[in-house]
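Coordinate analysis (summary)
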Amino acid sequence: MSDAPAEDPRLSFVYQEALRGLLQQQSAVESLRNRAGTLIFSASFASSLLGSKALGDGVDPWDWLAIVMLFGIGALTVVLLWPYYAMNFRSDPKMLLERYIDADDPATMSEMHRDLALQIEADRQANGRVVRRMRETFEVALVLLLLNILAWLISIASMPG
């Protein structure tokens, strides 16, 4: 007979769910960054294609508006691609060893699962503020892309002749 307390499988389940939430959040950040690359490509492609036609008769106010929006899309893309070091998607192995293994009273797996589930949720919530800002930035950049294309098209449509 062992004197070790029985491990609670429910804590393992809670830990796995917390970890899954953090991994989904990390995946969402990677997806936003990938889509930011597609966004800047789309904006530059549309501007080079439509802008070359629109600027054929000189620069009018619609052209200036489209150019300003292109720079806005570029700035928003920089915000999306900026390396946010405050986001945390992993645990520090040194801290884990010190807290759970090398301590005077080493933790059980149930204790580790419980503590780590709470820490993962705190990290997910802290990351959430940055992820939310990134998502909103991407949404604004998408709207600017549509308006940019619209401005180029209006400029082309208003060309004489």
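Refer to the structure above for everything that follows.
These lines cover the structure that appears in this document, whether it is placed above or below. (Residues numbered from 1 in each chain as written. Predicted model: local features only at pLDDT ≥ 70, side-chain atom pairs only at ≥ 80, totals over all residues. Heavy atoms only, no water.)

Concerning the overall build of the protein
- Of regular secondary structure, the protein possesses four helices and zero strands.
- In sequence order, the secondary structure elements of the protein are arranged as α-α-α-α.
- Here the C-alpha radius of gyration of the protein, 25 Å, is well above what a compact globule of 161 residues would show, namely 15 Å.
- Per-residue burial over the protein gives 30% buried out of 161 residues.
- Treating the 14 positive side-chain charges of the protein as one cloud and the 19 negative ones as another, the clouds have centres 6 Å apart. (Helix = DSSP H or I, 4+ residues; strand = E, 2+ residues; numbered from the N terminus. Rg over C-alpha atoms; globule rule 2.2 N^0.38 Å. Buried < 20%, exposed > 50% of the residue type's maximum accessible area, 1.4 Å probe, protein only. Lys, Arg positive; Asp, Glu negative; His and termini not counted. Charge placed at Lys NZ, Arg CZ, Asp CG, Glu CD.)

Remarks on the pattern of salt bridges
- Per the stated rule, a full pass over the model turns up four salt bridges.
- Of the charged contacts, one joins Asp-8 and Arg-10 as a salt bridge, the two residues approaching to 2.7 Å between their closest N and O atoms.
- The exposure class of Arg-10 is exposed, given its relative accessible area of 61%.
- Linking Arg-124 and Glu-121 is a salt bridge whose minimum nitrogen-to-oxygen distance equals 2.7 Å. (Salt bridge = Lys/Arg side-chain N within 4 Å of Asp/Glu carboxyl O.)

Topic: the side chain of Asp-60
- Along the chain, Asp-60 falls in the loop between α1 (9-54) and α2 (61-81).
- Only 2.8 Å separates the side chain of Asp-60 from the backbone nitrogen of Asp-63, close enough to count as a polar contact.
- When sequence neighbours within four positions are dropped, the list of residues in contact with Asp-60 reads Ser-155 and Ser-158. (Polar contact = N/O pair within 3.5 Å; in protein donor to acceptor, adjacent residues only side chain to side chain. Contact = heavy atoms within 4.5 Å.)

Some details on the packing of α1 against α2
- The N-to-C vectors of α1 and α2 enclose an angle of 165°; their axes lie 10 Å apart at closest approach. In terms of orientation, α1 lies roughly antiparallel with respect to α2. In this structure, α1 meets α2 at a crossing whose hand is left-handed. Between α1, through Arg-33, Ala-36, Leu-39, Ile-40, Ala-43, Ser-44, Ser-47 and Ala-54, and α2, the contact on the second element is made entirely by Asp-63, Leu-70, Ile-73, Gly-74, Thr-77, Leu-80 and Leu-81.
- In terms of residue class, the contact of α1 with α2 is made up of nine nonpolar, four polar and two charged. (Axes fitted to C-alpha atoms, helices over the stretch in contact; angles between N-to-C directions. Parallel < 35°, antiparallel > 145°, perpendicular 65-115°, else oblique. Left-handed = near helix turned anticlockwise from the far one by under 90°. Nonpolar A, V, L, I, M, F, W, Y, C, P; charged D, E, K, R; others polar.)

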